[in-house]
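Structural characterization, general
Listed here are the chains, written in short residue letters.
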Amino acid sequence: MTLRSFLRHEAVLGFLLIVVLFLLAQQSDKFFTTANILNQGRLMAEVGLIALPMTFVIITGGIDLSVGSILGLCAILLGVFWHNLGLPLPVAMVLAIVVGGIAGLINGLIITRFKVPPLIATLATLALYRGLAEGISQARSVRGYPDWFFVLGQGEVLGVPTQLWILVIFAIIAAAILGLTTFGRATYAVGANETAARFSGINVDRTKLLIYTGAGLISGLAAVIFVSRVSTTRSDMGTGVELDVITAVVLGGTSIFGGRGTIIGTVVGLILVQALKNGLALSGVKGDGTIVVIGLVLILAILATNLFSRNGDG
Amino acid sequence: MSLDIAAPRRSASTGVFARTIGTYGQEFIILAAIVALFIVVGFIAPRFVSQTNLTSIFSGNAYIAVAAIGMSMVIISGHIDVSVGSLIGVLATIAGTLAVNGYPIWIAWCAPIVVGMVITSLIGALVAYVRIPSIVVTLGMLSILKGGLISLTGGAWITNLPPDFLIAQFRLFGVPSPVWFMLGLTIVAAMFMRYTAFGRSIYAIGGNPEAARVAGIRVERSTVAIFAIHGFFAGIAAILFATQLQVIQSTVPAGLELTVITASVVGGVSILGGTGTVVGSTLAAILFAAIGSSLIFLNVSAYWLRSVQGLLILATVLADMARRRGVK
Amino acid sequence: MKKKTVLLAAGLVLASSAAYAASWTGGDDLPTSPLACDGTPGTVAAKPYDGGVPTNPPDRNGKKITVVDIPKLIGIGYFNATSKGIADAAKELGNVDAKTDGPTKANIDEQITFIDNYVTSGVDGILFAANDPVAIAPVLKKALAAGINVVGYDANSTPDARQWFVNQAEFNGIGKTMIDSLAKEIGEDGSFAIVTSTFTTPNQARWIAEMSAYAEKCHPNLKWLETVEAQEDNVLSFNQATTLINKYGDQLKGIVGMTSVATPASAEAVTQAGQCGKVAVVGLATPNAMKPYVEKDCVKSVVLWNPVDLGYAAAYVLRAAADGTLKPGDTSVKAGKLGELQVVNGSEILLGAPFVFDKANIGQFDF
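Residues numbered from 1 in each chain as written. Chains lettered and ligands numbered in written order. Predicted model: local features only at pLDDT ≥ 70, side-chain atom pairs only at ≥ 80, totals over all residues. Heavy atoms only, no water.

1. Examining the overall build of chain C
When its secondary structure is counted, chain C shows 10 helices and 14 strands. On C-alpha atoms alone, chain C measures out to a radius of gyration of 21 Å, which is about the 21 Å that the 2.2 N^0.38 rule sets for 367 residues. Once the C-alpha set of chain C is aligned to its principal axes, its extents read approximately 65 × 55 × 35 Å. For chain C, the share of sequence-separated contacts (at least 6 apart) that also reach a separation of at least 24 residues comes to 76%. Carbon and sulfur atoms make up 56% of the accessible area of chain C, which amounts to about 13,400 Å² in all. Positive and negative side-chain charges in chain C, numbering 31 and 39 respectively, have mean positions lying 3 Å apart. (Helix = DSSP H or I, 4+ residues; strand = E, 2+ residues; numbered from the N terminus. Rg over C-alpha atoms; globule rule 2.2 N^0.38 Å. Contact = heavy atoms within 4.5 Å. Areas by Shrake-Rupley, 256 points an atom, 1.4 Å probe, with all protein chains shown as cover. Lys, Arg positive; Asp, Glu negative; His and termini not counted. Charge placed at Lys NZ, Arg CZ, Asp CG, Glu CD.)

This is the structure we're talking about:
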């Protein structure tokens, strides 16, 4: 992958984003206000967080469909650890995130040890983790968290929603890991050509295990933030999140075949989807219309990129 | 990715038995699982294997098996379609709308098949000629179809369907028509995949598109055709789906795409393309339907139902992986 | 690995069936208040207003207001009907501009995002049916703080997050009507099963809990067999109901449908299994979907309030709240053709008792 093709993807996307923002700002004077923008940051934090490790997963040529179910499972366990087992809430939060990591690790083990393709492995755990959430919760919700807990999901730090800080910090860390470290280069290598990566001394299995575990951990973190935002736990939390996440990542230019993609692309993809959802709603388009537009934008963006890069290649 | 998956007919030197297992191993495992399930659950709850319940299991889920046939071909060719659930919802609504508005019944039956083929051909063209990955095209298509359907119908139920239209409720020799469709289409598709040049070229394209091209296969054109065939099966699945009851909900059935894809891949179709059979996907669809029904018969607490389903899928997949290693 | 899996599965099954055999699956664990068996209305203690108040709303008295209706999900018959009621009322009032928008699946997260966007876009009033009473509260409070009038219907939020809630029927009223109809059709010692949407849907969970409590009190010999989940999905509901019929055979005397999707699908399952007259179907449903089965005598009676009226009342209540004619402490409110509706329970407006549709009257309704 060359720097040029990098820039091409981001250039197309960035251009598209600017056009969209401009058009939407024309439609509603409520769109380009600080309050609205910060609020959108709050709403996209969970999907955004999970999209970061998903970028790694997809760059390795894999996929993780179970992230929404892990989110649901961790949310339920947060409630169960705190309310039913009587653990202090901070301990319960940490444990819930750890369980997310374990769930991700299990995905990784099934994929690396048993050589099950990621799509099938995580299809199975999608059902399994959601099922565990339903079984453990027995459809009961846990509510009544202390006020300090809501800082995470409903509060602000220096005037910016808490979870937006978390998202920004994690995005920077993820971009640094992917772009600057050996681990990041190994991630690309695994996705570009796994056999070659193995021969060049990269521990492919360990790389994948770490990435899937990371996806689980971050899904757990997203669960804690989600519970804090909505102040209750339900076993159906996070249903369908995987599709939103994958949409943002592939819109961001990450190749589903592996080997290519950036965190910046993913972040632009995220912002584009969120801006469309919000901006179209503010300009009076109904939800069903918005879904259609997002589908079209996804196809057209990748189409434009493909045509553009083909012309470039001459 | 270097997932080493046994290709069909991999070695002439191994015995006939091992070869058969190598080619049809997954089918045997699933068939054995189905038989074992019927015996064990039938022993505990005899009504499970009553004729009425068997009929319900087969006929109520035949549309999933039919959709999985086309999906298997798409996946064998190295692609995927995550929009199939939305597509079936849209096609079912088209069929129902035509039927209640006085169009001849045969038009109401044919239109969804034609429209299905047009939509999937478009997907195929975007995949083959513009080289957009199929998961991206179909993710987008999922949104477009789902949002479009609700925009147009508002989710209003279609009622007063003419009785002649309800083909899924017809019976032949006492067996509901969906079962005949499932059996007939599976057999035809299996023969097609095995004995026609085009069928075999699907494996070639999925196994290695460049090699297929060198061997003279027109990969682009074939890809569009494969998606069109998938649309044909989705159209039939939609009609079976639409005519099961007296009303059509005109929304997208939740999670149907995952059910269909799961049936295909658990049925032994490799997600990496190149291997698998349509018989396996039909058997897997039956297995899942039977599992769903058996869990109710076994009084599994409804709260734990989905985890048990997940575990069973996982067990099937892991057993298959173990088998493939054994064959190697 | 496979052995372990099987063991684990078996363990889960045993553990869960042992621990939760006592109460009806699918009910919640909130306190229940079953009504008296003979139909004496329940005594409701007068309660002070416990709803919220919008912060510095502009004077909207008599002025044109824009209202958005955000149901649990769009695209199902029931919420199409409430949405029609709201549109009817808006037309009648003349000074309300109403539209319906919402998620395509009953999802707490998406519903919150929808409301949030409408708060930002600056509507005058929000009508909602909550997917989760607690999860929706913060965003509704935000709406109140922005001076927006907020009224709920069908599914409540925590009281302080909205001004008023139009209650279609009290939970214990539904519980009584359903169980009474059931006992009448299958006999005092009949066995039955329940088809619900999901165990996490608050209204359905509440109704099942109230039905269980009322049955224990007034029809102790009714035998509950099991509850199955079927989402809001026609075909799944049909398959689940068919499996129940196949499983229990002659033992099964009745199926209770908890949603407007599950009930007609259960009736269809009974019809296709040739069990009309042998297996009774009782449940919540809209009349149009049930007409074929009621006319064929396969289903005797259907329980429901009129969802068109529910939406209609909600729109009138919102208008009254915006005009300032409905204030905390009031005991009734005028709702157009529905007349005076009573305020109960602090800040809830009661639509009326649940209605039972049967062969004699079902032809008069079209929704």
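Still to come is the rest of the account.
2. Regarding the domain arrangement of chain C
Interface extent is often summarised as the accessible area lost during association of the parts. Residues and elements named next belong to chain C. Structurally, chain C comprises domain 1 (65-169 + 306-352) and domain 2 (170-304). With centres defined by C-alpha atoms, the gap from domain 1 to domain 2 works out at 29 Å. Each partner contributes to the interface: domain 1 provides 16 residues, whereas domain 2 provides 12 residues. Summed over both sides, the interface of domain 1 with domain 2 buries roughly 940 Å², with 58% coming from carbon and sulfur. Viewed at the interface, domain 2 and domain 1 are joined by zero salt bridges. On inspection of domain 1 and its partner domain 2, the count reaches one residue pair in polar contact (both at pLDDT 80 or more). Taken together, the residues of the side of domain 1 that touches domain 2 sort by class into eight nonpolar, five polar and three charged. (Domains from an automatic or database assignment. Buried area = accessible area lost by both parts, 1.4 Å probe. Salt bridge = Lys/Arg side-chain N within 4 Å of Asp/Glu carboxyl O. Polar contact = N/O pair within 3.5 Å; in protein donor to acceptor, adjacent residues only side chain to side chain. Nonpolar A, V, L, I, M, F, W, Y, C, P; charged D, E, K, R; others polar.)

3. Looking at the sheet that holds strand β8 (residues 252-257) of chain C
Residue and element names in this part refer to chain C. Within the open sheet, the four strands sit side by side as β7-β6-β8-β9. Their pairing is parallel. Single-partner strands in this sheet number two, and they are β7 (223-229) and β9 (280-283). Going from strand to strand, the sheet's axes swing by 25° on average, the running direction of each strand aside. Pairing analysis gives four bridges linking β8 to β9, with the strands arranged parallel. The residue bridging G254 from the neighbouring strand is A280, located in β9. (Pairing = 2+ DSSP bridges. Axes fitted to C-alpha atoms, helices over the stretch in contact; angles between N-to-C directions.)

4. Thoughts on the confidence of the model for chain C
Residues at a pLDDT of 70 or more form 93% of chain C, whose mean pLDDT is 86. pLDDT under 50 marks residues 1-22 of chain C. Its contacts with residues more than four places away, or in other chains, come to 12 contacts. (pLDDT = per-residue confidence, 0-100.)

5. Regarding the interface of chain B and chain A
Tallying the contact residues gives 40 residues for chain B and 48 residues for chain A. Buried area between chain B and chain A, both sides added, is near 4,000 Å², and the carbon and sulfur share of it is 76%. Connecting chain B to chain A are one residue pair in polar contact (both at pLDDT 80 or more). Counting residues per element, the ones that place at least two in the side of chain B that touches chain A are α5 (134-153), α10 (256-266) and α12 (305-327) of chain B. The element contributing the most residues to the side of chain B that touches chain A is α5(B), with 13 residues. By residue class, the composition of the side of chain B that touches chain A is 28 nonpolar, nine polar and three charged.

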